[in-house]
Amino acid sequence: MGFFSKILEGLKKTKQAFQNKIKYIFTKNEIDANFYEELEAILLSSDVGHTATDRILEELKQQVKQKKLKNAEETKNVLKDIMVSLLEENELAPFTYPCILMVVGVNGVGKTTTIGKLAAQFTKQKKNVVIAAGDTFRAAASEQLAVWADRSKVKIVKNSAGADAGAVVFDAIQSAKAKQADVVIVDTAGRLHNKSNLMEELKKIDRIIQREYPQASYHKLIVLDATTGQNALEQVEVFDEAIGLTDIVITKLDGTAKGGVLLSLAAEYTLPVRAVGVGEGVEDLIPFSAKDFVDSIF
Ligand SMILES: Nc1nc2c(ncn2[C@@H]2O[C@H](COP(=O)(O)OP(=O)(O)OP(=O)(O)O)[C@@H](O)[C@H]2O)c(=O)[nH]1
Ligand SMILES: [Mg+2]
């Protein structure tokens, strides 16, 4: 299955909900105040959020004027283009090697699964990968990660008795340097953003990476569960403040109608979306394309 059919399938619920609401407004004859009010209500109820909704409406009004549009039907493609531009605003830096990826987020969002999928993608591109099992809190965490590592035949560096997450990351970096690995991926324990000792631990890992591996390009990915909708914004806020994020991964798009949250994130933050998760399988992480995303929900 190609990326487009995958995202189309993954966004089925978002599409159903969004299309049901929006399709009739394109059948209206006039583009009047009422049209804009209804569009606003639809966007807000689709998790697009206030900031993005305001921006989209403002831009649409401007373009309707400029292009002298008269029929609501004519606004559909303009609206789609505005959404694509908004989603493309935060440009994604391609991976350069060696690189190190630290993967963070609250509990259960899909960090470990995403790491497994990423490891498989890098391996497919013939990159040499080392995974650091930095989740030293949950007993089964490193076994879960080891299953993924095994599947892609990549090296995993685990906790030796009593070692903390920082020590595991330190060891993984030494190992990566010794074998000239291309990619290090660091798993971290899920943490609620209000637990300050856990946030301190993340800062410590961050310092170790910067100190021990300055030659690697460094990405800090926050994994967000799409089903949490607008709560994702607060998570970005807190993790960004602690460690300075670089990329977003949105998981579980397949299980929710809240895909609109991507527009909300794009308007609120300067962080690009690197990939989206559309299922539990190893193939179910796809590179984010703004155009495919927008084409999939209309
Ligand atoms: N449907 C769906 N399920 C997903 C996706 N990504 C992850 N999951 C599932 O979400 C659950 C939690 O995934 P994990 O990868 O363990 O999440 P985590 O963030 O590492 O969890 P903690 O380490 O406990 O914080 C698992 O059942 C995954 O299979 C996705 O894109 N779609
Ligand atoms: Mg995990």
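Scroll up for the structure.
Residues numbered from 1 in each chain as written. Chains lettered and ligands numbered in written order. Predicted model: local features only at pLDDT ≥ 70, side-chain atom pairs only at ≥ 80, totals over all residues.

**A look at the sheet that holds strand β5 (residues 217–225)**
- The strand order β3-β2-β4-β1-β5-β6-β7-β8 describes an open sheet built from 8 strands, whose pairing is mixed. A strand with exactly one partner marks an edge of an open sheet, and here the two such strands are β3 (155–157) and β8 (285–287). Averaged over all neighbouring strand pairs, the angle between strand axes comes to 25 degrees, with direction disregarded.
- Across 6 bridges, the pairing between strand β2 (residues 129–134) and strand β4 (residues 183–188) is parallel. Among the inter-strand pairings, Val130 is bridged to a residue of β4, identified as Val184.
- In the packing of helix α8 (residues 165–178) onto the sheet, the strands contacted are β2, β3 and β4, and the crossing angle to β2 comes to about 170 degrees. (Pairing = 2+ DSSP bridges. Helix = DSSP H or I, 4+ residues; strand = E, 2+ residues; numbered from the N terminus. Axes fitted to C-alpha atoms, helices over the stretch in contact; angles between N-to-C directions. Contact = placed C-beta atoms within 7 Å.)

**Brief notes about the site of ligand 1**
- Near ligand 1 there are 21 residues, and of these Gly110, Thr112, Thr113, Gly190 and Gly277 occur at the shortest range.
- The residue inventory of the shell around ligand 1, partitioned by class, reads 3 nonpolar, 11 polar and 7 charged. (Near = placed C-beta within 6 Å. Nonpolar A, V, L, I, M, F, W, Y, C, P; charged D, E, K, R; others polar.)

**A short note on helix α11 (residues 261–268)**
- With 7 of 8 residues buried, α11 lies mostly within the body of the structure.
- Along α11, the residues classified as buried are Val261, Leu262, Leu263, Ser264, Leu265, Ala266 and Ala267. (Buried ≥ 20, exposed ≤ 12 C-beta atoms within 10 Å, placed from the backbone.)

**Details of unusual backbone geometry**
- Note that the residue after Tyr97, namely Pro98, is joined by a cis bond; omega there is 0 degrees.
- By the secondary structure assignment, Pro98 is in the loop between α5 (75–88) and β1 (99–104).
- With phi around 50 degrees, Lys68 is a residue other than glycine that occupies positive phi space.
- Within the secondary structure, Lys68 is located in the loop between α4 (50–66) and α5.
- In the Ramachandran plot, Lys252 falls in the positive-phi region, its phi being about 60 degrees despite a non-glycine side chain.
- When the 23 C-beta atoms within 10 Å are taken as the criterion, Lys252 is described as buried.

**Looking at the environment of Ala226**
- Relative to the elements of secondary structure, Ala226 occurs in the loop between β5 and α10 (231–243).
- Not counting chain neighbours up to four residues away, the residues in contact with Ala226 comprise Ile250, Thr251, Lys252, Leu253, Thr256, Lys258, Gly259 and Val261.

**A few points about the pairing of β4**
- Across the 6 residues of β4, 6 count as buried, placing the element largely inside the fold.
- Side chains of β4 alternate between two faces, with Val183, Ile185 and Asp187 and Val184, Val186 and Thr188 buried alike.
- Here 5 bridges tie β1 to β4, and the two strands are oriented parallel to one another. For Val103, the partnering residue across the bridge sits in β4 and is Asp187.

**So, the nonpolar core**
- The biggest cluster of nonpolar side chains holds 86 residues, and the ones touching the most others in it are Ile131, Val184 and Ile185.
- Ranked by residues supplied to this core, first place goes to α8 with 7 residues.
- Apart from the residues within four sequence positions on either side, Ile131 is in contact with Ile115, Ala119, Leu145, Ala149, Val154, Lys155, Ile156, Ile185 and Asp187. (Core = buried A, V, L, I, M, F, W, Y, C linked by C-beta atoms within 7 Å.)

**Concerning the environment of Gly281**
- Structurally, Gly281 can be placed in the loop between β7 (273–277) and β8.
- The exposed category is assigned to Gly281, around which 12 C-beta atoms lie within 10 Å.
- Note: C-alpha distance between Gly281 and Gly116 (165 residues apart in sequence) is 9.4 Å.

**So, the pairing of β5**
- Examined bridge by bridge, β1 and β5 share 6 bridges and lie parallel to one another. By the bridge assignment for β5, Val103 is matched with Leu221.
- The pairing of β5 with strand β6 (residues 247–251) spans 5 bridges and is parallel. Counted as the bridge partner of Leu224 is Ile250 from β6.
- Of the crossover connections in this fold, the one passing from β5 over α10 to the parallel β6 is right-handed. (Right-handed = clockwise from strand over helix to strand, strands pointing away.)

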